[in-house]
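# Understanding the architecture of this molecule
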Amino acid sequence: MRRGILPFRTLTIMALACMGGASALAAQEVPEGVRLSVTYQTAYRPKLAIRTFTGEGELATVAQGIREIINRDLDYSDRFDIVTVPPSLDSGPVDYAPWRDLGVDLLVTAAVERIGGSSYLLRVTLHDVLYNRVSQIRAFEVPDPTADEYRMAVHAVSDEVVFWATGQPGYAASRVAFRRTTSDGAWEIMVVDSDGENLQRVVYGPLHVLRSPAWSPDGRRLAYTAQDLENGNTAIFERDLETGAVRVLVDRPGLNVTPSYSPDGRRLAFGMSRGNTESELYDMDVVQRCCIRQLTQAPPRSAEMSPSYSPDGRQIVYMSDRLGQPHIYIMPADGGTPTALTRYVPGQRVEYLTPEWSPTGSQVVFWSRGAGGSQILIADASRPGAVVEQITLEGTSSDPSWAPDGRHIVFSGTRGNQRGLFVIDMVTKRIRPLILGGNYELPSWSPALQSASALAAGVP
Amino acid sequence: MMQHRAVLSALIVAVALVGCRREQPPATPSPSAAGPTQTPSAVQPSGMDPESAARAETERALAILQEMIHFDFDDFSIRPDAEQVLLRKLPILQANAAVQLRIDGHADERGSPEYNQALGQRRANAARDFLVAHGVSSARLATTSFGEERPLQMGSNEAAWAVNRRAEFQVTAGADRVVLPASD
């Protein structure tokens, strides 16, 4: 196993950075105005155990499959220390005393029953070992493992358990869209579940360069750009993921790039180059597919692109190189005076690219390209010009995108000789591969796609 | 290793992007509109009929018009060697008013595919601005960018990157007959 993806790797760079001039490494690799923050935080996380899920006869296999998915989801949530269950405690009535002796805070048990021919009832119990009580019991309907909706239904149960235990949203019931280049030179937009399973192709482009997949806020549609290889025109399309229907959103002559939906799903912001201008920001009414408005006016020979809305829809963060190098700016969503979010240091050669506003707060993730390579950074949109936080250090990391929990981030990168998409937890800085493969780029994380409450079978 | 994307993509013409509306191909000008207005002044090779000579001259002129230029890393300024390439195109553009060019910017594979498309656009625009500054009408020069996705040379090394950071010149009108102006 490569060092780069070992969970919870502790780095000592923080200490080096604090030594100031004594650290040649930190001095070389971190631009001015950036603080390294790649150390695993040792904050207390509840110890959680998951007993074998029970089921009569052949249902034991179904129960085992469901448990595997939930166990991994809870691990990937990075909110618990997952404790291995001792065989002596893995069956029979639950007695809290031995669990408490093991230091376990939370215990998950579950049983599977059959309801109807092709679906199951999953009865999940969360035990609060510390307080000697059952915290939650709920039954969920889960389709047959062969059904298309099976994995997402189980992921939704995982998110419900995370919410029971922490009061915070999970992100298991979500997917990541990305662009893949095939070995024979075509382009594809792919979608994969948050745990790296269930890889599916949604768009295939042998004659068009595909880029910039972006989810609608309801998770039902995907916008992307397709460039005609004959004339170079780049248009923005939207695909309905349920029906497969595709419609053109913007196809003015020239380049229409980097689409992003407003949180209410009514508007789409994007970059567009017209005539002799470079890319500038525009938005449109994406429901009526009309009413294109210009939001920014870039100075000659500068480009503005990669817009992303704040969760309240009132501001847009974007990339502009109006000062000569790409930096991150914020402006009102209807256009107006831009504010530089990243600090411009004269003479320093660094690029700040592809910002994305957190779905849950004021944090903005983006990436830098400069002497320290390509790395992921976080800025606080409410503090323009403040020192920003660099959360990756090894390999290369680019094109970050937030998970719906506002805590995990997917990025495209390399770790050792591995290439592909990786997921980092902003709190613990743990990094895991999502899906490995060369030419996997431009990941975009979906909103929460399914809520378990919709699956609750109404049986206590 | 991986084969040339652009060539293959061009070959797989039978398969269209799922659900994507195909753009109209650029209109090809009629031969009369693009016809020569000057007589060829280059010396005709002996033993060649006038038609073959004209064809050979057109091909030599097209080769000069299509010669690509290269750029430094993450940069879109016109290098001195690229200036020489662009200056060679000028007399041909001046002598053939019907010729129109599309300048395609390209980037190497490093960096974001999205930003690289913007970078390629700026390279194309820089080449266009150079020609316009030397008297070519901007109406004859279109630009676009293919970013990093159409490399000339595969590979993750400086040699491949240097080749791939480029602007290409497609003759989109007036290619049927292009004259070489009289040499000085």
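For every chain, the first residue of the written sequence is number 1, and numbering continues from 1 onward in sequence order. Chains carry letters from A onward and ligands carry numbers from 1 onward, assigned in written order. Since the coordinates come from a predicted model, pLDDT governs what is reported: local features require at least 70, and pairs of side-chain atoms require 80 or more to be given and counted, while whole-chain, interface and lining totals use all residues. Water and hydrogen atoms were dropped before computing side-chain values, which therefore reflect all heavy atoms in the structure.

## Some thoughts on the overall build of chain A
- Along chain A, the regular secondary structure elements total five helices and 31 strands.
- The cut-offs for exposure are 20% and 50% of the maximum accessible area for each residue type, with area from a 1.4 Å probe on protein chains only; residues under the lower value are buried, those over the upper are exposed, and the others partly exposed. Out of the 460 residues belonging to chain A, those deemed buried represent 58%.
- Two residues qualify as a contact provided that any one of their heavy atoms is within 4.5 Å of a heavy atom in the partner residue. Long-range contacts, defined as pairs at least 24 residues apart, comprise 47% of the intrachain contacts of chain A with a sequence gap of at least 6. Counting from the N terminus, the helices are the DSSP runs of H or I reaching at least four residues and the strands are the DSSP runs of E reaching at least two.

## A few points about the pattern of salt bridges
- The term salt bridge refers to a side-chain nitrogen of Lys or Arg lying within 4 Å of a carboxyl oxygen of Asp or Glu. Counted under the stated rule, the structure contains 42 salt bridges over all chains.
- When the shortest N-O distance is used, the salt bridge between R123(A) and E113(A) registers 3.2 Å. Linking R123(A) in strand β6 (residues 119–128) with E113(A) in strand β5 (residues 106–115), this pair joins segments that are 10 residues apart in sequence.
- The residue E158(B) makes a salt bridge to R110(B) at a minimum N-O spacing of 3.9 Å. With a gap of 48 residues between them, E158(B) in helix α5 (residues 158–164) and R110(B) in the loop between β2 (100–106) and α4 (113–133) connect regions that are remote in the sequence.
- Accessibility expressed as a relative area gives 22% for R110(B), which makes it partly exposed.
- One salt-bridge network, in which partners are shared between bridges, spans R72(A), R151(A), D195(A) and E197(A).

## A look at the interface of chain B and chain A
- Every contact between the two is made by 42 residues of chain B and, on the other side, 58 residues of chain A.
- By convention, the term buried area covers the 1.4 Å-probe accessible surface removed from two parts as they join, with the contributions of both added. Of the roughly 4200 Å² buried between chain B and chain A, counting both surfaces, carbon and sulfur atoms make up 52%.
- Taken together, chain B and chain A are joined by five salt bridges.
- What qualifies as a polar contact is a pair of N or O atoms within 3.5 Å, subject to a donor-acceptor requirement within protein and to the restriction that residues adjacent in sequence count only when both atoms come from side chains. Counting across the interface, chain B meets chain A through 17 residue pairs in polar contact (both at pLDDT 80 or more).

## Remarks on the state of the cysteines
Residues and elements named next belong to chain A.
- When two cysteine sulfur atoms lie within 2.5 Å, the pair is treated as a disulfide. Counting across every chain of the model gives one disulfide over all chains.
- Residue pairing for C290: its cysteine sulfur links by disulfide to C291, the two sulfurs lying 2.3 Å apart. Here the disulfide of C290 and C291 is left-handed, its torsion about the S-S bond being about -70°.
- We classify C290 as partly exposed; its relative accessible area is 26%.

## A closer look at the sheet that holds strand β8 (residues 175–181) of chain A
Residues and elements named next belong to chain A.
- Overall, antiparallel pairing links the four strands, which are arranged β10-β9-β8-β31 in an open sheet. A strand with exactly one partner marks an edge of an open sheet, and here the two such strands are β10 (200–205) and β31 (440–445). The mean inter-strand angle of the sheet, taken between neighbouring strand axes irrespective of direction, is 20°.
- One requirement defines pairing of two strands: DSSP has to find at least two bridges between them. For β8 and β31, the ladder comprises four bridges, and the chain directions are antiparallel. For helices, the axis comes from a line fit to the C-alpha atoms of the stretch in contact; other axes are also lines fit to C-alpha atoms, and the angle between any two N-to-C directions lies between 0 and 180 degrees.

## Here we look at the sheet that holds strand β30 (residues 431–436) of chain A
Residues and elements named next belong to chain A.
- Spatially, the four strands line up as an open sheet ordered β27-β28-β29-β30, and their pairing is antiparallel. Looking along the sheet, the strands with just one partner apiece sit at the ends: β27 (396–402) and β30. Mean inter-strand twist for the sheet, computed between neighbouring axes without regard to direction, equals 30°.
- Both β27 and strand β28 (residues 408–415) contribute to a ladder of five bridges, which runs antiparallel. Within β28, the position partnered with W402 by the bridge is I409.

## Section: the environment of K47(A)
All names here are of chain A.
- Mapped onto the elements of the fold, K47 is located in strand β2 (residues 47–50).
- For K47, a relative accessible area of 29% corresponds to the partly exposed category.
- Separated by 34 residues in the primary sequence, K47 and D81 place their C-alpha atoms 4.6 Å from one another.
- Among residues more than four places away in sequence, those in contact with K47 are D81, V83, G103, V104, D105 and L106.

## What to know about unusual backbone geometry
All names here are of chain A.
- If you check the backbone angles, T258 has positive phi at about 40° while not being a glycine.
- Relative to the helices and strands, T258 resides in strand β15 (residues 255–261).
- Positioned with a positive phi, R289 is a non-glycine residue whose angle comes to about 55°.
- Within the element layout of this structure, R289 appears in the loop between β17 (280–285) and β18 (290–294).

## Some points on the packing of aromatic side chains
- Here a pair means two rings of Phe, Tyr or Trp (six-membered ring of Trp) with centres within 6.5 Å. Their orientation is stacked below 30 degrees between planes, edge-to-face above 60, and tilted elsewhere. The final tally for this structure, using the stated rule, is eight aromatic pairs over all chains.
- Residues Y224(A) and F237(A) carry aromatic rings whose centres are separated by 6.0 Å and whose planes lie at 20° to one another, so their mutual orientation is stacked. With Y224(A) in strand β12 (residues 221–228) and F237(A) in strand β13 (residues 234–240), the pair connects residues that are 13 residues apart, well separated along the chain.
- The class for Y224(A) is buried, based on a relative accessible area of 0%.
- Just above the ring of F146(B) sits the side chain of R150(B); from NZ or CZ to the centre is 5.1 Å. Placement of a charge over a ring requires the Lys NZ or Arg CZ to be within 6 Å of the ring centre, with the centre-to-atom vector within 35 degrees of the ring normal.

## Description of the pairing of β12(A)
Residue and element names in this part refer to chain A.
- For β12, the tally of buried residues reaches eight of eight residues, placing the bulk of the element in the interior.
- Alternating positions in β12 separate into two faces, R221, A223, T225 and Q227 on one and L222, Y224, A226 and D228 on the other, with burial throughout.
- Between strand β11 (residues 208–215) and β12, which follow one another and run antiparallel, lie five residues, and G219 among them has a positive phi close to 70°.
- Relative to β13, β12 runs antiparallel, the two being bridged by seven bridges. The residue bridging T225 from the neighbouring strand is I236, located in β13.
- Count of turn residues in the β12/β13 antiparallel hairpin: five residues, of which G232 carries a positive phi of about 80°.

Don't take any of this as a statement about function, it's just geometry.
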